[in-house]
Protein chains: 2
Amino acid sequence: MTMANYLDHTHEPEVQSWVTSANDPATDFPIQNLPFGMYRVHGSNEEFRPCTAIGTFIVDLLTVRQAGCFEGHAMTAANALEAGTLNAFMSQAAEDRRAFRHALFSALSLLGNKRAEWQTGLVPMREVEMSLPAKIGDYTDFYTSVNHATAVGRLFRPDNPLLPNYKWVPIGYHGRSSSIGVSGKKVRRPVGQIKSPSDDAPRLAPSQRLDYELEVGMFVGSPNELGESITIGDAEKHLFGLVLLNDWSARDFQAWEYQPLGPFLSKNFSSTISPWIVTMEALAPFRAPFYRSANEPQPLPYLDSEENRQRGSLDLKLEVWLQTKQMRANGQSHERLMQSNFKDSYWTMAQLVTHHTVGGCNLQTGDLLGSGTQSGEDAAQGGSLLELSVGGKIPYELPGGETRTFLEDEDSVIFLARAEKAGFRTIGFGSCEGQIVASHQNNQQDPRP
Amino acid sequence: MTMANYLDHTHEPEVQSWVTSANDPATDFPIQNLPFGMYRVHGSNEEFRPCTAIGTFIVDLLTVRQAGCFEGHAMTAANALEAGTLNAFMSQAAEDRRAFRHALFSALSLLGNKRAEWQTGLVPMREVEMSLPAKIGDYTDFYTSVNHATAVGRLFRPDNPLLPNYKWVPIGYHGRSSSIGVSGKKVRRPVGQIKSPSDDAPRLAPSQRLDYELEVGMFVGSPNELGESITIGDAEKHLFGLVLLNDWSARDFQAWEYQPLGPFLSKNFSSTISPWIVTMEALAPFRAPFYRSANEPQPLPYLDSEENRQRGSLDLKLEVWLQTKQMRANGQSHERLMQSNFKDSYWTMAQLVTHHTVGGCNLQTGDLLGSGTQSGEDAAQGGSLLELSVGGKIPYELPGGETRTFLEDEDSVIFLARAEKAGFRTIGFGSCEGQIVASHQNNQQDPRP
């Protein structure tokens, strides 16, 4: 099997749309993207409705279905669209979803028929608000960046940074799904137990080491039965698409609580995802083959195949941007803190799906898998402030003389992602943004530094 | 506030039911219990319907609602009953739920009116099958038994059995909700990575250290908003009721995978709960005050109140029973392996709810909180085979000359629970049963012992 099998005419870079903003080279949403999300007109009380993005517009998919814009396999997929959540649509067979993508692509291209009918579905993006695209059942967070695992391990366990299981087991744990929200949601600084090594006892206080984690989120499309596993060859067929994920973390709570059962309150107060699910089909041109070097442990057979190595991960550029209250007051836009790339993850998406199910655990449509923090090899490519400030010891310098070790109230954090490759249109993810608001208990803050 | 505030006429032991099997002293379901579950007639393809249990019968609550059996506040609660799941009913206001309990109690007592209408709802328990009572969003598992934490800690970390955070933090972690099933479900032996200390590399194999964990599960009734916490005084108002929970565990996978993010595949292949939610109201007579001894760390203020100490935990006797394939062939019934009591848990239910939400994490109706394995102080009171066999080193002796270190294929495990106290009718939980079936990959089993 060669990579070409996954490419088709919807990846041809020269195709343009009659929605002219989609032809802007800077847009995240050219006709080659066609991500899925849930929108409503800003300020309305309507249920959220399924849509795609094209340039600076969204297309209401229920409206164009109503206008008779789909047929055949595309209509089969379209029939699963409903207000409220994308889950039923996401569980459709790959063949029907592909037909649906082809129908969107044809209709929105310059050669598209029924342009009048499609125009009835267009709404300017600036007029809409987005919700979570899917009802998330279970949320699993992995730990796929060996750079992150090593850097954080060094801070928590200086003698023993990378544990012996790391290069054998795609390490992951279960996260909290109820507190996952969509980009734009405020994040309240959490209260929790903090104990420094020098304290005799812990105290309850707002986190003083509040952090972001730069992650890629993978949405499960088709499920598997409890007791049945998914082979490495079938694994990616179960993924519907990707979003950006900010797994906000309270490092002070984490250090005190995480043994022996892992992070809990340090992570479950909030997570944020970007609203657009960029499909696996749209990302097909950007595969990044991944071969273990000969001096590394080779994956166990259930996690290994030539196809898995050849398809590998994705060449997806990731960025973190920060704007402080002072920057906002001075009219300064967000400042880029770092860049990394999803292709540097130690485990592929297929390996995560296969490992998750090898014991028979059932994945369900709408489940979210997080990649874990994506850090580059260089210290400046840390995917969290914990890394960029070396555990809070070396403040990160911002323009205007400010510094950050961890997040302050009113800081806004934006994640961006971009898949780009010579010969293809660049695919963007939109943004994943969150702003910190003060804790309810700031007045109880302990005076100790 | 005194305990008497939580008691009312539904706890009077002398009240009997016209469903005479409910008056049998050995029943789990006297008229003082009235738990909630979801049933259908065995073998039918109907949606599951809400019911209560009385002696050897269930009462179909939609049928008796239809027959005009409720009014006032009880009718408000009854209107939230629907086929499929109990969630809407569970989220009703405490006042309405209490009125509903009172209505059931009156109608099923010897003085009950409308006996003919109520009889239309009766179905013999032997004719029904039960489903999960609620749609479970998030599942959190705690670690409240200090005896279990110490015994297991000694096996995993001989030098450091009880970690320094244990007596300050109600340790918990997020579990997998998709793989939770109801009593009676078969449990397939999972496959996963195993590495003994003497092995150079892990291998993929069926678990050879498959275990149960004896837990109490708590169902969340009314939710809290993201970003808002629940005080210790309000905490129990958010609990709807309790079930038994078997958190099946693969100890060999667990030892290899659990650092640094906690258990994952070792726990997520299956969990089993009993079908009847025994309400907090039914359990009111069985409170077990819990005072920390003076030489223990006292709980931080957010986890402490005189009411919390006085209400404490619950005096709930827990038991584990086992039947092997050989015992079944010989006509031997299940053998009791151990007994423990939920009152010995180190943290109260209220402390778990308050800790879970102190950072703003939102609990939702239908969320399940596990107590963690409930082990007694004595070594014979271990809540798992890991403890009873001292890490697999001392086989547990069964009648007929068999022994067990961990579970074998076709072993059936039953958990039972009973709240009993002089002057009150005994309340039972029904049973939580699961039987192990062979792994799909038994033919790949490694020959090493």
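Placed above this text is the structure.
Residue numbers restart at each chain and count upward from 1, following the sequence in its written direction. Lettering of chains starts at A and numbering of ligands starts at 1, both following the order in which they are written. The predicted origin of the model limits local features to residues at a pLDDT of at least 70 and limits the giving and counting of side-chain atom pairs to 80 or more, whereas totals for whole chains, interfaces and linings rest on all residues. The side-chain quantities take in all heavy atoms of the structure and omit both hydrogens and water.

Now for the pairing of strand β14 (residues 239-246) of chain A. All names here are of chain A. Burial status follows relative accessibility: with a 1.4 Å probe on protein chains alone, a residue under 20% of its type maximum counts as buried, one over 50% as exposed, and anything between as partly exposed. To qualify as a helix, a DSSP run of H or I must reach at least 4 residues; to qualify as a strand, a run of E must reach at least 2; elements of each kind are numbered from the N terminus. Burial within β14 is extensive, with eight of its eight residues counted as buried. Note: strand β13 (residues 214-220) against β14, seven bridges, orientation antiparallel. Paired with Phe 219 across the bridge in β14 is Gly 241. We treat two strands as partners when DSSP finds at least two bridges between them. Sheet topology places β14 next to strand β17 (residues 278-279); two bridges connect them, and they run antiparallel. Bridge pairing links Gly 241 to Thr 279 in β17.

Turning our eyes to something else, we now look at the pattern of salt bridges. Definition used for salt bridges: Asp or Glu carboxyl oxygen within 4 Å of a side-chain nitrogen of Lys or Arg. Under the counting rule described, the total for this entry stands at 46 salt bridges over all chains. For the salt bridge of Arg 189 of chain A with Asp 409 of chain A, the shortest nitrogen-to-oxygen distance reads 2.8 Å. One end of the pair, Arg 189 of chain A, is in the loop between β9 (186-188) and β10 (191-194); the other, Asp 409 of chain A, is in the loop between β24 (403-404) and β25 (412-419), and 220 residues separate them in sequence. Its relative accessible area of 8% is what places Arg 189 of chain A among the buried residues. Judged by its relative accessible area of 24%, Asp 409 of chain A is partly exposed. Its salt-bridge partner being Arg 97 of chain B, residue Glu 281 of chain B comes within 3.6 Å of it at the nearest N-O pair. Taken together, the residues span a long stretch of sequence, with Glu 281 of chain B in the loop between β17 (278-279) and β18 (287-288) and Arg 97 of chain B in helix α4 (residues 94-108) at a distance of 184 residues. An identical accessibility class is assigned to Glu 281 of chain B and Arg 97 of chain B; each is buried. Residues participating in the shared-partner salt-bridge network are Asp 211, Glu 213, Asp 247, Arg 251 and Lys 267 of chain A.

Between Gln 259 of chain A and the following residue, Pro 260 of chain A, the backbone shows a cis peptide bond with an omega angle of 5°. With respect to the helices and strands, Pro 260 of chain A occurs in the loop between α7 (251-257) and β16 (271-273). The backbone of Glu 410 of chain B shows a phi angle near 75°, a positive value even though the residue is not glycine. Relative to the helices and strands, Glu 410 of chain B is located in the loop between β24 (403-404) and β25 (412-419).

We call two residues in contact whenever any of their non-hydrogen atoms come within 4.5 Å of each other. With 58 residues of chain B at the contact, the number on the chain A side is 58 residues. Across the chain B to chain A interface the summed buried area is about 5300 Å²; carbon plus sulfur atoms make up 61%. Broken down residue by residue, the surface that chain B buries against chain A is led by His 174, Leu 261 and Phe 264 of chain B, which jointly contribute 15%. Taken together, chain B and chain A are joined by four salt bridges. Salt-bridge contacts for Asp 138 of chain A lead to Arg 176 of chain B; the nearest nitrogen and oxygen are separated by 3.4 Å. Under the rule applied, a polar contact is a pair of N or O atoms within 3.5 Å (in protein, one hydrogen donor and one hydrogen acceptor; residues adjacent in sequence only if both atoms are side-chain atoms). Run the count over chain B and chain A and you get 27 residue pairs in polar contact (both at pLDDT 80 or more). Of all elements in the fold, only β6 (139-142), β7 (172-175), β10 (191-194), β11 (203-206), α7 (251-257) and α10 (349-357) of chain B reach the threshold of two or more residues within the side of chain B that touches chain A. Accessible-area loss on putting two parts together, using a 1.4 Å probe and summing over both, is the definition of buried area adopted here.

The next thing to look at is the relation of the copies chain B and chain A. A least-squares fit on C-alpha atoms brings the copies together, and the residues used are those whose pLDDT is at least 70 in both copies. After a rotation of 180° and a shift along the axis of 0.0 Å, chain B superposes on chain A with an RMSD of 0.0 Å. In short, the pair behaves as if placed about a two-fold rotation axis. In terms of C-alpha distance to the rotation axis, chain B has Gly 262 of chain B as its closest residue, with the C-alpha 2.2 Å off the axis. The fraction of interface residues of chain B whose copies in chain A are also interface residues reaches 100%, indicating that both copies meet through the same surface.

Aromatic rings considered in pairs are described by the distance between their centres and by the relative angle of their planes. Residue and element names in this part refer to chain A. Classification of ring pairs uses Phe, Tyr and Trp, with its six-membered ring standing for Trp, and accepts pairs whose centres are within 6.5 Å; under 30 degrees between planes counts as stacked, over 60 as edge-to-face, and the remaining range as tilted. Enumeration over the complete set of coordinates arrives at 30 aromatic pairs over all chains. Both rings, one in Phe 70 and one in Trp 118, keep their centres 5.6 Å apart while their planes meet at 80°; by these two values the pair is edge-to-face. Highlighted residues: Phe 70 in the loop between α1 (61-66) and α2 (72-78) and Trp 118 in helix α5 (residues 115-119), separated in sequence by 48 residues. An aromatic cluster is present here, built from Phe 36, Phe 70, Phe 89, Phe 100, Trp 118 and Phe 240 joined pairwise through their rings. Stacked on the ring of Tyr 346, the Lys or Arg Arg 292 has its end atom at 3.7 Å from the ring centre. Charges are assigned to positions over rings by a cutoff of 6 Å between ring centre and Lys NZ or Arg CZ, combined with an angular limit of 35 degrees from the ring normal.

All names here are of chain B. One open sheet accounts for five strands, arranged β4-β3-β2-β1-β5; its pairing is antiparallel. Where the open sheet ends on each side, the last strands, each with one partner, are β4 (122-124) and β5 (128-130). Going across the sheet, the axis of each strand differs from the next one's by a mean of 50°, ignoring polarity. Helix axes are fitted to C-alpha atoms over the stretch in contact, other axes to C-alpha atoms as well, and angles between N-to-C directions run from 0 to 180 degrees.

With that settled, consider the environment of Trp 276 of chain A. Residue and element names in this part refer to chain A. Here Trp 276 shows up in the loop between β16 and β17. Owing to a relative accessible area of 4%, Trp 276 belongs among the buried residues under this scheme. Note: C-alpha distance between Trp 276 and Gly 430 (154 residues apart in sequence) is 7.0 Å.

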